[in-house]
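Breakdown of the fold
Residue-level listing of the chains:
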Amino acid sequence: MLKGKEIILGVTGGIAVYKAVELLRLLTKAGANVHVIMTRAATEFVAPLTFQTLSGRPVHTELFSLIQEQEIGHISLADRADLFVIAPATANFVGKVACGLADDLLTTAVMATKAPVLIAPAMNMNMYQNPIYRENEARLKKHGYLFVHPATGLLACGWEGEGKLPDPEVIFEEALAALTQKTLPEVRVVVSAGPTREAIDPVRYLSNHSSGKMGYAIAREAARRGAEVTLVTGPTALKVPAGVNVVRVESALEMRDAMLERAATSDIIIKAAAVADYRPRERFDQKVKKGDATLTLDLEKNPDILAELGSQKGERLLVGFAAETEALLENAEKKLREKNLDLVVANDVAAEGAGFHVDTNIVKFLYRDGRVEDLPLMSKDAVAAQILDRVEALYRTR
Ligand code: PMT
(Lines give C-alpha, C1' and ligand atoms only; values in the text may rest on other atoms or scores of the structure.)
Protein backbone atom coordinates (compact mmCIF):
# COMPACT_ATOMS: atom_id res chain seq x y z
CA MET A 1 0.00 0.00 0.00
CA LEU A 2 2.90 2.37 0.62
CA LYS A 3 4.79 1.26 -2.46
CA GLY A 4 5.94 4.31 -4.41
CA LYS A 5 4.29 6.78 -2.02
CA GLU A 6 6.24 9.99 -1.39
CA ILE A 7 6.41 10.59 2.34
CA ILE A 8 8.07 13.54 4.03
CA LEU A 9 9.23 12.57 7.51
CA GLY A 10 9.67 15.72 9.58
CA VAL A 11 11.80 15.29 12.69
CA THR A 12 11.89 17.97 15.38
CA GLY A 13 14.15 18.18 18.42
CA GLY A 14 13.31 15.89 21.32
CA ILE A 15 14.70 12.84 23.05
CA ALA A 16 12.29 10.63 21.04
CA VAL A 17 14.14 11.37 17.76
CA TYR A 18 15.67 7.88 18.00
CA LYS A 19 12.19 6.40 17.49
CA ALA A 20 11.86 8.29 14.20
CA VAL A 21 14.78 6.19 12.92
CA GLU A 22 12.71 3.02 13.41
CA LEU A 23 9.68 4.71 11.87
CA LEU A 24 11.79 5.56 8.81
CA ARG A 25 12.85 1.92 8.57
CA LEU A 26 9.22 0.73 8.68
CA LEU A 27 8.17 3.22 5.99
CA THR A 28 11.01 2.38 3.61
CA LYS A 29 10.57 -1.36 4.19
CA ALA A 30 6.92 -0.95 3.13
CA GLY A 31 8.13 0.56 -0.17
CA ALA A 32 7.65 4.31 0.49
CA ASN A 33 10.08 6.92 -0.83
CA VAL A 34 10.88 8.81 2.34
CA HIS A 35 12.40 12.30 2.34
CA VAL A 36 13.60 13.41 5.75
CA ILE A 37 13.53 17.01 6.95
CA MET A 38 15.19 17.64 10.31
CA THR A 39 15.08 20.80 12.35
CA ARG A 40 18.41 22.03 13.64
CA ALA A 41 17.46 20.90 17.18
CA ALA A 42 16.66 17.38 15.92
CA THR A 43 20.20 17.02 14.56
CA GLU A 44 21.48 17.47 18.14
CA PHE A 45 19.87 14.16 19.12
CA VAL A 46 20.61 11.89 16.12
CA ALA A 47 22.99 12.72 13.29
CA PRO A 48 21.42 13.30 9.86
CA LEU A 49 23.74 10.61 8.49
CA THR A 50 21.65 7.93 10.21
CA PHE A 51 18.48 9.12 8.44
CA GLN A 52 20.36 9.60 5.17
CA THR A 53 21.73 6.06 5.25
CA LEU A 54 18.36 4.48 6.02
CA SER A 55 16.34 6.60 3.57
CA GLY A 56 18.94 6.40 0.81
CA ARG A 57 18.41 10.13 0.22
CA PRO A 58 20.03 13.36 1.44
CA VAL A 59 18.50 14.74 4.62
CA HIS A 60 17.15 18.29 4.33
CA THR A 61 17.93 20.66 7.15
CA GLU A 62 18.39 24.19 5.82
CA LEU A 63 15.83 26.50 4.27
CA PHE A 64 18.49 28.68 2.71
CA SER A 65 20.98 26.01 1.65
CA LEU A 66 21.84 26.81 -1.96
CA ILE A 67 22.67 23.21 -2.78
CA GLN A 68 19.59 21.66 -1.14
CA GLU A 69 17.35 24.35 -2.63
CA GLN A 70 18.79 23.85 -6.11
CA GLU A 71 18.54 20.05 -5.94
CA ILE A 72 14.99 19.77 -4.66
CA GLY A 73 13.59 22.97 -3.12
CA HIS A 74 11.15 23.23 -0.25
CA ILE A 75 8.14 23.87 -2.49
CA SER A 76 8.96 20.84 -4.57
CA LEU A 77 9.14 18.74 -1.37
CA ALA A 78 5.73 20.06 -0.34
CA ASP A 79 4.24 19.43 -3.79
CA ARG A 80 5.51 15.93 -4.33
CA ALA A 81 4.35 14.61 -0.93
CA ASP A 82 1.52 12.12 -0.57
CA LEU A 83 1.82 12.52 3.19
CA PHE A 84 3.78 14.46 5.81
CA VAL A 85 4.53 12.66 9.07
CA ILE A 86 6.03 14.78 11.85
CA ALA A 87 7.53 12.55 14.56
CA PRO A 88 8.42 13.57 17.15
CA ALA A 89 6.65 16.95 17.03
CA THR A 90 7.58 19.44 19.75
CA ALA A 91 5.20 21.95 21.33
CA ASN A 92 7.27 24.59 19.55
CA PHE A 93 6.60 23.03 16.13
CA VAL A 94 2.85 22.68 16.80
CA GLY A 95 2.70 26.24 18.12
CA LYS A 96 4.49 27.65 15.08
CA VAL A 97 2.26 25.90 12.54
CA ALA A 98 -0.86 26.83 14.53
CA CYS A 99 0.22 30.48 14.26
CA GLY A 100 1.05 30.23 10.57
CA LEU A 101 4.77 30.73 11.16
CA ALA A 102 7.20 29.35 8.60
CA ASP A 103 10.71 30.16 9.78
CA ASP A 104 12.60 27.00 8.91
CA LEU A 105 12.53 24.35 6.18
CA LEU A 106 10.09 22.01 7.97
CA THR A 107 7.46 24.60 8.93
CA THR A 108 7.76 26.19 5.48
CA ALA A 109 7.22 22.85 3.70
CA VAL A 110 4.30 21.97 6.01
CA MET A 111 2.67 25.34 5.35
CA ALA A 112 3.14 24.91 1.61
CA THR A 113 1.73 21.38 1.25
CA LYS A 114 -1.72 20.24 0.28
CA ALA A 115 -0.94 16.67 1.39
CA PRO A 116 -2.35 15.33 4.68
CA VAL A 117 -0.12 16.12 7.67
CA LEU A 118 0.09 13.61 10.52
CA ILE A 119 1.61 15.00 13.72
CA ALA A 120 2.92 12.78 16.52
CA PRO A 121 3.57 15.11 19.49
CA ALA A 122 6.04 14.19 22.21
CA MET A 123 6.74 16.39 25.19
CA ASN A 124 6.65 16.75 28.97
CA MET A 125 3.17 15.96 30.37
CA ASN A 126 2.70 19.47 31.77
CA MET A 127 3.55 20.98 28.40
CA TYR A 128 1.09 18.57 26.80
CA GLN A 129 -1.63 19.65 29.25
CA ASN A 130 -0.79 23.35 28.91
CA PRO A 131 -3.93 25.13 27.67
CA ILE A 132 -1.90 27.04 25.10
CA TYR A 133 -0.63 23.80 23.60
CA ARG A 134 -4.15 22.31 23.71
CA GLU A 135 -5.53 25.33 21.88
CA ASN A 136 -2.84 25.04 19.22
CA GLU A 137 -3.56 21.33 18.70
CA ALA A 138 -7.33 21.97 18.55
CA ARG A 139 -6.78 24.75 16.01
CA LEU A 140 -4.71 22.51 13.77
CA LYS A 141 -7.25 19.67 14.08
CA LYS A 142 -9.96 22.11 13.03
CA HIS A 143 -7.96 22.76 9.87
CA GLY A 144 -7.68 19.05 9.07
CA TYR A 145 -4.26 18.25 10.55
CA LEU A 146 -4.16 14.71 11.94
CA PHE A 147 -2.69 13.85 15.34
CA VAL A 148 -1.36 10.64 16.85
CA HIS A 149 -2.37 10.46 20.49
CA PRO A 150 0.76 10.35 22.68
CA ALA A 151 1.45 7.32 24.87
CA THR A 152 1.46 7.39 28.67
CA GLY A 153 4.48 6.30 30.67
CA LEU A 154 7.79 7.37 32.12
CA LEU A 155 8.93 10.53 30.30
CA ALA A 156 12.55 11.48 29.66
CA CYS A 157 12.21 14.33 32.17
CA GLY A 158 11.42 11.82 34.92
CA TRP A 159 7.69 12.63 35.13
CA GLU A 160 5.18 9.87 34.57
CA GLY A 161 2.21 10.73 32.37
CA GLU A 162 0.88 11.47 28.92
CA GLY A 163 3.33 12.85 26.37
CA LYS A 164 5.52 9.97 25.19
CA LEU A 165 5.99 9.39 21.49
CA PRO A 166 4.04 6.19 20.74
CA ASP A 167 5.83 3.14 19.34
CA PRO A 168 6.89 3.54 15.69
CA GLU A 169 4.43 0.75 14.71
CA VAL A 170 1.53 2.85 16.04
CA ILE A 171 2.61 5.92 14.03
CA PHE A 172 3.20 3.70 10.97
CA GLU A 173 -0.35 2.34 11.24
CA GLU A 174 -1.79 5.85 11.55
CA ALA A 175 0.22 6.89 8.48
CA LEU A 176 -1.38 4.03 6.54
CA ALA A 177 -4.81 5.07 7.82
CA ALA A 178 -4.12 8.68 6.75
CA LEU A 179 -3.41 7.47 3.22
CA THR A 180 -6.48 5.23 3.04
CA GLN A 181 -9.65 6.64 1.56
CA LYS A 182 -12.42 6.76 4.15
CA THR A 183 -14.89 4.60 2.24
CA LEU A 184 -16.66 3.20 5.32
CA PRO A 185 -17.25 6.31 7.44
CA GLU A 186 -19.33 5.60 10.55
CA VAL A 187 -20.21 2.13 9.31
CA ARG A 188 -20.28 -0.29 12.26
CA VAL A 189 -18.30 -3.42 11.51
CA VAL A 190 -17.97 -6.44 13.80
CA VAL A 191 -15.19 -8.90 13.04
CA SER A 192 -14.49 -12.19 14.79
CA ALA A 193 -11.01 -13.67 14.83
CA GLY A 194 -8.82 -16.34 16.35
CA PRO A 195 -9.61 -19.72 17.86
CA THR A 196 -11.90 -20.66 20.71
CA ARG A 197 -10.73 -22.73 23.65
CA GLU A 198 -13.04 -25.35 25.11
CA ALA A 199 -11.96 -26.21 28.63
CA ILE A 200 -11.48 -29.84 29.68
CA ASP A 201 -10.19 -29.05 33.16
CA PRO A 202 -8.38 -26.05 34.75
CA VAL A 203 -5.21 -26.70 32.71
CA ARG A 204 -6.31 -28.25 29.40
CA TYR A 205 -8.51 -27.29 26.52
CA LEU A 206 -9.56 -28.25 22.97
CA SER A 207 -8.70 -25.67 20.31
CA ASN A 208 -7.31 -25.23 16.78
CA HIS A 209 -4.41 -23.56 14.97
CA SER A 210 -6.00 -20.18 14.25
CA SER A 211 -3.55 -17.35 14.99
CA GLY A 212 -6.10 -14.58 14.44
CA LYS A 213 -3.99 -13.03 11.63
CA MET A 214 -6.78 -13.16 9.02
CA GLY A 215 -9.44 -11.60 11.26
CA TYR A 216 -7.09 -8.97 12.70
CA ALA A 217 -6.07 -7.95 9.16
CA ILE A 218 -9.75 -7.44 8.28
CA ALA A 219 -10.38 -5.39 11.43
CA ARG A 220 -7.29 -3.25 10.74
CA GLU A 221 -8.27 -2.59 7.13
CA ALA A 222 -11.87 -1.72 8.07
CA ALA A 223 -10.60 0.75 10.70
CA ARG A 224 -8.26 2.33 8.14
CA ARG A 225 -11.30 2.86 5.90
CA GLY A 226 -13.03 4.83 8.63
CA ALA A 227 -15.36 2.13 10.00
CA GLU A 228 -16.22 1.82 13.71
CA VAL A 229 -14.74 -1.60 14.27
CA THR A 230 -15.30 -4.09 17.07
CA LEU A 231 -13.06 -7.13 17.10
CA VAL A 232 -14.37 -10.14 19.00
CA THR A 233 -11.32 -12.28 19.45
CA GLY A 234 -10.39 -15.63 20.87
CA PRO A 235 -6.95 -15.93 22.52
CA THR A 236 -4.13 -14.79 20.21
CA ALA A 237 -0.67 -13.32 20.55
CA LEU A 238 -1.49 -10.39 18.27
CA LYS A 239 -1.64 -6.66 19.06
CA VAL A 240 -5.06 -5.12 18.66
CA PRO A 241 -4.98 -2.82 15.60
CA ALA A 242 -5.08 0.93 16.27
CA GLY A 243 -8.55 2.41 16.52
CA VAL A 244 -10.28 -0.96 16.97
CA ASN A 245 -12.47 -1.82 19.98
CA VAL A 246 -11.72 -5.24 21.33
CA VAL A 247 -13.81 -7.86 23.13
CA ARG A 248 -11.78 -10.84 24.35
CA VAL A 249 -13.40 -14.23 24.70
CA GLU A 250 -12.25 -17.79 25.31
CA SER A 251 -14.95 -20.30 24.47
CA ALA A 252 -17.49 -20.65 21.66
CA LEU A 253 -20.29 -19.88 24.13
CA GLU A 254 -18.58 -16.63 25.16
CA MET A 255 -18.00 -15.75 21.51
CA ARG A 256 -21.66 -16.39 20.76
CA ASP A 257 -22.82 -14.01 23.53
CA ALA A 258 -20.36 -11.32 22.46
CA MET A 259 -21.26 -11.61 18.78
CA LEU A 260 -25.02 -11.58 19.32
CA GLU A 261 -24.77 -8.55 21.59
CA ARG A 262 -22.56 -6.58 19.12
CA ALA A 263 -24.53 -7.73 16.08
CA ALA A 264 -27.60 -5.87 17.29
CA THR A 265 -25.88 -2.52 16.66
CA SER A 266 -23.80 -3.41 13.59
CA ASP A 267 -24.08 -2.87 9.85
CA ILE A 268 -21.56 -5.46 8.67
CA ILE A 269 -20.43 -8.70 10.33
CA ILE A 270 -17.40 -10.65 9.14
CA LYS A 271 -16.74 -13.97 10.86
CA ALA A 272 -13.18 -15.12 10.39
CA ALA A 273 -12.90 -16.90 13.76
CA ALA A 274 -12.28 -20.62 13.89
CA VAL A 275 -14.98 -21.65 16.35
CA ALA A 276 -14.80 -25.10 17.91
CA ASP A 277 -17.80 -27.11 16.73
CA TYR A 278 -17.78 -29.21 19.94
CA ARG A 279 -16.92 -28.70 23.61
CA PRO A 280 -16.38 -31.22 26.40
CA ARG A 281 -19.76 -32.06 27.94
CA GLU A 282 -18.22 -31.82 31.40
CA ARG A 283 -15.57 -29.35 32.60
CA PHE A 284 -13.67 -31.07 35.42
CA ASP A 285 -13.03 -28.85 38.45
CA GLN A 286 -9.65 -30.48 39.16
CA LYS A 287 -6.86 -31.49 36.81
CA VAL A 288 -7.73 -34.88 35.29
CA LYS A 289 -5.25 -37.47 36.59
CA LYS A 290 -3.39 -39.89 34.37
CA GLY A 291 -5.17 -43.27 34.51
CA ASP A 292 -5.94 -45.97 31.98
CA ALA A 293 -4.27 -46.29 28.58
CA THR A 294 -7.16 -44.48 26.95
CA LEU A 295 -9.42 -41.65 28.03
CA THR A 296 -12.78 -40.91 26.45
CA LEU A 297 -14.05 -37.36 26.37
CA ASP A 298 -17.73 -36.83 25.83
CA LEU A 299 -18.31 -33.82 23.54
CA GLU A 300 -21.43 -31.79 22.89
CA LYS A 301 -22.17 -29.51 20.01
CA ASN A 302 -21.50 -25.78 20.23
CA PRO A 303 -24.04 -23.38 18.79
CA ASP A 304 -23.36 -22.33 15.19
CA ILE A 305 -22.92 -18.60 15.78
CA LEU A 306 -22.86 -17.67 12.11
CA ALA A 307 -26.05 -19.59 11.39
CA GLU A 308 -27.72 -17.86 14.33
CA LEU A 309 -26.60 -14.46 13.05
CA GLY A 310 -27.88 -15.42 9.60
CA SER A 311 -31.31 -16.30 10.96
CA GLN A 312 -31.69 -12.79 12.43
CA LYS A 313 -29.74 -10.87 9.79
CA GLY A 314 -32.19 -8.06 9.00
CA GLU A 315 -30.55 -5.34 6.88
CA ARG A 316 -27.07 -6.32 7.95
CA LEU A 317 -24.42 -7.65 5.60
CA LEU A 318 -23.12 -11.02 6.77
CA VAL A 319 -19.83 -12.52 5.61
CA GLY A 320 -18.59 -15.96 6.65
CA PHE A 321 -15.48 -17.98 6.02
CA ALA A 322 -15.29 -21.61 5.00
CA ALA A 323 -12.17 -23.49 6.08
CA GLU A 324 -12.10 -26.73 4.13
CA THR A 325 -9.66 -29.53 3.40
CA GLU A 326 -11.79 -31.12 0.65
CA ALA A 327 -14.67 -30.23 -1.70
CA LEU A 328 -13.98 -26.52 -1.12
CA LEU A 329 -16.60 -25.05 -3.44
CA GLU A 330 -19.41 -27.48 -2.57
CA ASN A 331 -18.93 -27.05 1.16
CA ALA A 332 -18.56 -23.28 0.91
CA GLU A 333 -21.67 -23.00 -1.25
CA LYS A 334 -23.62 -25.05 1.31
CA LYS A 335 -22.51 -22.65 4.09
CA LEU A 336 -23.50 -19.61 2.01
CA ARG A 337 -27.03 -20.99 1.58
CA GLU A 338 -27.61 -22.65 4.94
CA LYS A 339 -26.23 -19.77 7.03
CA ASN A 340 -27.96 -17.07 4.94
CA LEU A 341 -24.72 -15.25 4.07
CA ASP A 342 -24.07 -12.49 1.53
CA LEU A 343 -20.53 -13.61 0.84
CA VAL A 344 -18.37 -16.60 1.72
CA VAL A 345 -14.59 -16.45 1.78
CA ALA A 346 -13.48 -20.01 1.12
CA ASN A 347 -9.96 -21.15 1.91
CA ASP A 348 -8.47 -24.58 1.35
CA VAL A 349 -6.60 -24.79 4.63
CA ALA A 350 -4.57 -27.77 3.44
CA ALA A 351 -3.01 -25.77 0.57
CA GLU A 352 0.52 -24.44 1.04
CA GLY A 353 0.51 -20.73 1.94
CA ALA A 354 -3.19 -20.78 2.88
CA GLY A 355 -5.25 -21.04 6.05
CA PHE A 356 -4.04 -21.26 9.62
CA HIS A 357 -1.11 -19.35 11.07
CA VAL A 358 0.74 -18.36 7.87
CA ASP A 359 0.95 -14.70 6.75
CA THR A 360 -0.63 -15.47 3.37
CA ASN A 361 -3.89 -16.95 2.14
CA ILE A 362 -5.50 -18.25 -1.05
CA VAL A 363 -9.23 -17.58 -1.16
CA LYS A 364 -12.28 -17.80 -3.36
CA PHE A 365 -15.29 -15.51 -3.01
CA LEU A 366 -18.74 -17.08 -3.43
CA TYR A 367 -21.73 -14.77 -3.94
CA ARG A 368 -25.45 -15.41 -3.60
CA ASP A 369 -26.00 -14.99 -7.32
CA GLY A 370 -23.72 -17.97 -7.99
CA ARG A 371 -20.60 -15.98 -8.97
CA VAL A 372 -17.25 -17.36 -7.85
CA GLU A 373 -14.04 -15.31 -7.82
CA ASP A 374 -10.63 -16.95 -7.55
CA LEU A 375 -7.80 -15.00 -5.93
CA PRO A 376 -4.13 -15.96 -6.13
CA LEU A 377 -1.79 -16.38 -3.15
CA MET A 378 -1.39 -13.02 -1.39
CA SER A 379 -0.67 -11.63 2.06
CA LYS A 380 -3.52 -11.74 4.58
CA ASP A 381 -3.39 -7.90 4.59
CA ALA A 382 -4.01 -7.92 0.83
CA VAL A 383 -6.79 -10.53 1.21
CA ALA A 384 -8.40 -8.30 3.85
CA ALA A 385 -8.36 -5.35 1.43
CA GLN A 386 -9.92 -7.52 -1.29
CA ILE A 387 -12.63 -8.73 1.10
CA LEU A 388 -13.44 -5.15 2.14
CA ASP A 389 -13.59 -3.98 -1.50
CA ARG A 390 -16.27 -6.68 -2.12
CA VAL A 391 -18.04 -5.93 1.14
CA GLU A 392 -18.21 -2.21 0.33
CA ALA A 393 -19.70 -2.91 -3.10
CA LEU A 394 -22.32 -5.27 -1.62
CA TYR A 395 -23.08 -2.86 1.21
CA ARG A 396 -23.71 0.03 -1.19
CA THR A 397 -26.13 -1.99 -3.33
CA ARG A 398 -27.94 -3.94 -0.62
O1 PMT B 1 -6.46 -17.10 12.20
P2 PMT B 1 -5.50 -17.46 11.09
O3 PMT B 1 -4.33 -18.27 11.60
O4 PMT B 1 -5.08 -16.27 10.30
O5 PMT B 1 -6.26 -18.45 10.09
C6 PMT B 1 -7.29 -17.98 9.29
C7 PMT B 1 -8.47 -18.95 9.24
C8 PMT B 1 -8.05 -20.23 8.54
C9 PMT B 1 -8.95 -19.28 10.65
C10 PMT B 1 -9.61 -18.19 8.44
O11 PMT B 1 -9.15 -17.91 7.16
C12 PMT B 1 -10.86 -19.07 8.35
O13 PMT B 1 -11.04 -19.88 7.46
N14 PMT B 1 -11.78 -18.88 9.33
C15 PMT B 1 -12.98 -19.75 9.51
C16 PMT B 1 -12.60 -21.02 10.22
C17 PMT B 1 -13.76 -21.94 10.43
O18 PMT B 1 -14.11 -22.20 11.54
O19 PMT B 1 -14.37 -22.34 9.33
P20 PMT B 1 -15.65 -23.34 9.29
O21 PMT B 1 -15.75 -23.73 7.88
O22 PMT B 1 -15.51 -24.39 10.34
O23 PMT B 1 -16.85 -22.41 9.71
C24 PMT B 1 -17.59 -21.68 8.75
C25 PMT B 1 -18.02 -20.35 9.31
O26 PMT B 1 -18.91 -20.56 10.42
C27 PMT B 1 -16.89 -19.48 9.83
O28 PMT B 1 -17.17 -18.15 9.46
C29 PMT B 1 -16.95 -19.67 11.34
O30 PMT B 1 -16.54 -18.48 12.03
C31 PMT B 1 -18.44 -19.92 11.57
N32 PMT B 1 -18.74 -20.81 12.71
C33 PMT B 1 -18.29 -22.10 12.75
C34 PMT B 1 -18.65 -22.92 13.78
C35 PMT B 1 -19.48 -22.42 14.81
N36 PMT B 1 -19.81 -23.17 15.84
N37 PMT B 1 -19.89 -21.15 14.77
C38 PMT B 1 -19.55 -20.34 13.74
O39 PMT B 1 -19.93 -19.16 13.70
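Residues numbered from 1 in each chain as written. Predicted model: local features only at pLDDT ≥ 70, side-chain atom pairs only at ≥ 80, totals over all residues. Heavy atoms only, no water.

Observations concerning the packing of helix α1 (residues 17-29) against helix α2 (residues 48-55)
Put simply, α1 and α2 touch, their axes get as near as 10 Å, and they point 10° apart. When the interaxial angle is binned, α1 and α2 end up roughly parallel. For the pair α1 and α2, contact is made by Val17, Ala20, Val21, Leu24 and Thr28 and by Thr50, Phe51, Leu54 and Ser55, respectively. Taken together, the residues that form the contact of α1 with α2 break down as six nonpolar, three polar and no charged. (Axes fitted to C-alpha atoms, helices over the stretch in contact; angles between N-to-C directions. Helix = DSSP H or I, 4+ residues; strand = E, 2+ residues; numbered from the N terminus. Parallel < 35°, antiparallel > 145°, perpendicular 65-115°, else oblique. Contact = heavy atoms within 4.5 Å. Nonpolar A, V, L, I, M, F, W, Y, C, P; charged D, E, K, R; others polar.)

Some remarks on the layout of surface pockets
Its boundaries defined by the atoms lining it, the largest pocket holds a volume of some 1100 Å³. When residues of the lining of the largest pocket are traced back to their parent elements, those giving at least two are α1, α9 (168-179), α10 (213-224) and α14 (380-396). Here the lining of the largest pocket gets six residues from one element, more than from any other, and that element is α10. Tallied by class, residues from the lining of the largest pocket come to 15 nonpolar, three polar and twelve charged. Residue contributions to the lining of the largest pocket reach at least three from each of two domains, namely domain 1 (6-179) and domain 2 (188-396). Estimated volume of the second largest pocket: approximately 930 Å³. If you go around the second largest pocket, you meet 39 residues; those closest to its centre are Ala273, Ala274, Val275, Asp277 and Lys335. Going through the elements one at a time, α10, β15 (299-301), α12 (305-311), β16 (317-324) and α13 (328-338) are the ones with two or more residues in the lining of the second largest pocket. With four residues, the top contributor of residues to the lining of the second largest pocket is α13. (1 Å grid on protein atoms, 1.4 Å probe; cavity = no way out; pocket = protein on both sides within 12 Å on 5 of 7 lines; lining within 4 Å. Points joined across faces, edges and corners; volume = space filled by probe spheres on them. Domains from an automatic or database assignment.)

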